[in-house]
Amino acid sequence: MQTPSTPRLGKPLAHILLGLVLSACIYLPDALYGLVNSQYSAHLSFMDGVALWLASLLLLGTPWKTVAYAIIALIAHLQLGQLLYFSYFGTHFHPQTLGLLLSELDEIGLTLSSFIQHLWFPLGLVLASALINTWLWHRSRGHVFSSIHAPLVLLFLLAILPYQAYHTSAAHDFYPQPTETSLRNALYAVSFFIGRNLAAADPSPHYAPYAVHETHTPEPAIIVLVMGESLTYKHMQLFGYARETTPRLMTWRDAPSFVYRPAIAAGVSTRVSLPHFFNIVREPGNLPQITRGETNLIRLAQAHGMKTYYISVQTADLVAHTGGEHADLLLTQEDLLPDYERKKDDILLEQLARLPLDEPALIVLHQRNSHHPYEKSSLPHYWVWPIEGLLRHEYTVNSYDNAIRHTDALLDDILHQLRERSRLPAYFIFTADHGEMMGEHGRYGHTLLEPDVARVPFLFYTTDEQSVWLRAARQLEEPSHYEIGLLLARMLGFHIDNPNDDGRTVFVSGADLGGGMGWMEVERRPGGAFTESQVQVKTP
């Protein structure tokens with residue numbers, strides 16, 4: 001149906017003006033979202049505005065409804081992905097994030113579902129924009145030029161970016177810019193992922209193999225290794241946090257055989273951090289050392305006749321490359337249902353109580369209760385701070401701190417079990433797979449290559465106050481996961497010789513086990529926790 005103005009304007013002018021309107025509608029979600037979220041500073045530059053207008057002209061010139069719908073849907077998905085990501089993390093997603101999205105869809109869906117009350121606005125903006133764009137395309141039929149060449153030209157222009165990514169040596173050109181629009185940042189990130197990560201398939205770095213030397217037969221002992229989840233020491237009262245998040249651990253603080261230190265995680269996601277930790281691997285992308293299993297903690301313990309137990313309230317897929325599949329007893333969340341749904345991490349206490357503590361054993365307990373959504377991963381019994389009817393930051397911090405109260409009680413109960421039940425010298429070691437950001441620089445969660453994601457606790461306790469391993473633990477100022485693993489290997493009677501270790505650099509791997517999502521390099525300095533000035537972010 002023609003509008004009255006079309007005959008007077010003519011198709012050329014109508015096409016130009018409708019292209020401007022369509023461009024404005026595509027940009028609208030960014031403009032309105034920036035009004036609500038002051039940290040979002042995207043604006044449309046002149047050159048990007050021209051590019052968007054030309055793309056709008058080609059979209060209007062697309063003669064096929066299905067193709068036009070597909071292009072509009074693509075635009076909406078790119079914008080929505082960036083705005084949702086920014087709403088949660090406080091930053092734009094980058095090319096490496098896409099690999100994580102593909103590998104952890106279930107976890108991401110769970111996180112977004114719990115955070116949905118804070119996502120309606122960007123979701124509504126993008127949906128409204130897509131509906132308006134669809135309506136404009138329909139209303140423009142008969143008023144604009146239409147040609148089968150229009151979508152072909154648009155697809156050709158889109159294909160240029162992946163081609164450039166495949167050949168470029170300036171990867172930073174494809175990384176998000178704070179002042180660019182969601183569509184532009186997402187388009188460049190996807191193009192880089194397609195052109196570099198899928199087409200180019202960069203090879204993993206090459207490292208010299210490690211050597212494992214048996215040093216002694218360890219004394220008969222019980223070693224309980226607790227792997228926490230998404231826990232930053234910055235929110236633990238034990239490390240100076242203002243809130244009473246760890247009141248029960250505070251009673252252990254002055255015990256002569258209790259050690260607590262800030263530590264550095266091996267990675268920014270569970271799927272990467274755990275294989276590095278359990279295989280005592282220092283370097284990012286060192287897949288051969290991870291997959292060979294010769295430095296795996298479970299296998300080292302078994303080599304000296306220790307019983308091995310791996311009990312996890314996380315899903316079975318996270319056991320991959322940890323050696324847990326070789327344990328004498330392996331239990332994961334799937335095995336612990338439906339009790340896990342009612343008891344959460346407390347089910348680990350029940351499982352520990354069933355294990356004999358009168359023969360040498362390595363017991364691995366893997367938590368979940370600090371995993372987002374925090375209030376769904378921990379028990380209300382431990383909550384202290386309110387979580388209903390709050391703004392995003394207060395809700396996130398309160399629910400997270402409540403979850404840490406649960407961890408505090410869990411660890412205290414484990415320590416008491418060891419002290420009261422073990423007939424052998426008992427050792428307790430605790431760290432977390434990675435940290436969690438709680439609003440630092442406006443960012444939340446993990447998986448980002450940010451120093452705060454690497455900040456985790458290290459706790460050590462033994463019932464043997466004269467133990468040489470207690471002295472060794474006290475000498476660790478700010479251990480990395482790799483250094484904690486080396487200590488465990490020594491306790492198990494092995495020395496690991498790593499010819500790649502320069503003794504100065506600590507690596508924190510990105511969310512790709514092969515190193516394809518980058519990493520952080522931390523230059524060690526004596527005294528105090530590492531600072532951002534010691535960190536360099538590297539991309540493959």
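Residues numbered from 1 in each chain as written. Predicted model: local features only at pLDDT ≥ 70, side-chain atom pairs only at ≥ 80, totals over all residues. Heavy atoms only, no water.

Engineer: Explain the sheet that holds strand β14 (residues 535-538) here, please?
Structural biologist: Overall, antiparallel pairing links the 3 strands, which are arranged β12-β13-β14 in an open sheet. The open sheet has two edge strands with one neighbour each: β12 (505-509) and β14. With direction set aside, neighbouring strand axes in the sheet form an average angle of 25°. (Pairing = 2+ DSSP bridges. Helix = DSSP H or I, 4+ residues; strand = E, 2+ residues; numbered from the N terminus. Axes fitted to C-alpha atoms, helices over the stretch in contact; angles between N-to-C directions.)

Engineer: Quick question: what am I supposed to make of the side chain of T270 here?
Structural biologist: Note on placement: T270 falls in helix α10 (residues 270-278). One polar contact links T270 to D433, side chain to side chain, over a distance of 2.6 Å. (Polar contact = N/O pair within 3.5 Å; in protein donor to acceptor, adjacent residues only side chain to side chain.)

Engineer: Please clarify how the pairing of strand β11 (residues 494-497) should be interpreted in this entry.
Structural biologist: The side chains of a regular strand alternate, first on one face of the sheet and then on the other. Here β11 shows a buried face lined by F494 and I496 and an unburied face lined by H495 and D497. Sheet topology note: the strand β1 (residues 211-214)/β11 ladder contains 4 bridges and is antiparallel. Residue pairing for β11: H213 is matched across the bridge by H495. (Buried < 20%, exposed > 50% of the residue type's maximum accessible area, 1.4 Å probe, protein only.)

Engineer: What's the story with the environment of Q302 in this structure? I'm lost.
Structural biologist: Mapped onto the elements of the fold, Q302 is located in helix α12 (residues 297-303). On the basis of relative accessible area, Q302 is assigned to the partly exposed category, the value being 26%. Taking C-alpha positions, Q302 is 9.3 Å from H326, a pair spaced 24 residues apart along the chain. With sequence-adjacent residues up to four places away left out, Q302 is seen in contact with T308, H326, A327 and D328. (Contact = heavy atoms within 4.5 Å.)

Engineer: Even after reading the chapter, I still don't get unusual backbone geometry, so can you show me in this structure?
Structural biologist: One can expect most non-glycine residues to show negative phi and most peptide bonds to be in trans. The residue after L337, namely P338, is reached through a cis peptide bond having omega 0°. For P338, the position within the fold is in the loop between α13 (333-336) and α14 (339-343). A cis amide bond, omega 0°, links H372 with the succeeding residue P373. Mapped onto the secondary structure, P373 falls in the loop between β6 (361-366) and α16 (374-377).

Engineer: Which parts of the structure should I look at to understand the nonpolar core?
Structural biologist: Soluble globular proteins tend to pack their nonpolar side chains together in the buried interior. In this structure, I363, I414, F428 and F460 are the most contacted members of the largest nonpolar core, which totals 141 residues. Looking at this core, the element that brings in the most residues is helix α3 (residues 65-89), giving 13 residues. (Core = buried A, V, L, I, M, F, W, Y, C linked by side-chain atoms within 4.5 Å.)

Engineer: Explain the sheet that holds strand β5 (residues 329-331) to me, please; I cannot follow it from the model alone.
Structural biologist: Two orientations exist for strands paired in a sheet by backbone hydrogen bonds: parallel and antiparallel. One open sheet accounts for 7 strands, arranged β3-β10-β7-β2-β6-β4-β5; its pairing is mixed. Lying at the two open borders of the sheet, with one neighbouring strand each, are β3 (258-264) and β5. Strand-to-strand twist in this sheet, taken as the mean axis angle between neighbours without regard to direction, amounts to 10°. Contacts between helix α15 (residues 347-354) and the sheet are confined to β4 (307-312), β5 and β6, with β6 contributing the most and set at about 165° to the helix. Docked against the sheet, helix α17 (residues 392-421) engages β2 (222-228), β3, β6, β7 (426-432) and β10 (455-462), running at close to 165° with respect to β7.

Engineer: Would you mind showing me how to read α10 here?
Structural biologist: Given 3.6 residues per helical turn, the α-helix brings residues three or four places apart onto the same face. Among the 9 residues of α10, 8 are classified as buried, and the element is accordingly described as predominantly covered. Among all positions in α10, only T270, V272, S273, L274, P275, H276, F277 and F278 are buried. Where α10 terminates, the next one or two residues include I280, which has phi positive at roughly 55°.

Engineer: Could you clarify how one ought to interpret the pattern of salt bridges in this entry?
Structural biologist: A side chain of one charge can pair with a side chain of the opposite charge if their charged atoms are brought near each other. With the rule as written, the count across this model stands at 17 salt bridges. Two residues, R271 and D317, come together in a salt bridge whose shortest N-O distance is 2.8 Å. Here D317 lies in the loop between β4 and β5 and R271 lies in helix α10, a separation of 46 residues in the sequence. Counted as one network, the salt bridges with shared partners bring together R282, E283, D501, D502 and R504. (Salt bridge = Lys/Arg side-chain N within 4 Å of Asp/Glu carboxyl O.)

Engineer: I would appreciate a short explanation of the packing of α3 against helix α6 (residues 120-139) in the present structure.
Structural biologist: Helix-helix packing is characterised by the crossing angle of the two axes and by the distance between the axes. Here α3 crosses α6 at 160°, and the two axes come no closer than 9 Å. Relative to α6, α3 is oriented roughly antiparallel. For the pair α3 and α6, the crossing hand works out as right-handed. Residues K65, A68, Y69, I72, A76, Q79, L80, L83, L84 and S87 of α3 form the contact with α6, whose participating residues are P122, L123, V126, A130, N133, T134, W137 and H138. For the contact of α3 with α6, the residue count by class is 12 nonpolar, 5 polar and 1 charged. (Parallel < 35°, antiparallel > 145°, perpendicular 65-115°, else oblique. Left-handed = near helix turned anticlockwise from the far one by under 90°. Nonpolar A, V, L, I, M, F, W, Y, C, P; charged D, E, K, R; others polar.)

Engineer: I keep staring at the packing of aromatic side chains and nothing clicks. Help me out?
Structural biologist: Given two aromatic rings, their pairing is described by the distance between the two centres and the angle made by the two planes. Counting across every chain of the model gives 12 aromatic pairs. Linked through ring pairs, Y233, F239, F258 and Y260 together constitute an aromatic cluster. Just above the ring of Y188 sits the side chain of R184; from NZ or CZ to the centre is 3.9 Å. (Phe/Tyr/Trp six-rings, centres within 6.5 Å; stacked < 30°, edge-to-face > 60°. Lys NZ or Arg CZ within 6 Å of the ring centre and 35° of its normal.)

Engineer: How do you make sense of the pairing of β2 when you look at a structure like this?
Structural biologist: Within β2, 7 of the 7 residues are buried, which leaves it mostly tucked inside the rest of the structure. Every second residue of β2 is oriented toward a common face, with I222, V224, V226 and G228 on one face and I223, L225 and M227 on the other, all of them buried. Bridge analysis of β2 against β6 gives 6 bridges, and the strand direction is parallel. Bridging from a neighbouring strand, I223 pairs with L362 of β6. Direction of pairing for β2 relative to β7: parallel, over a ladder of 7 bridges. Paired with G228 across the strands is A432, a residue of β7.

That is the geometry; function is a separate question.
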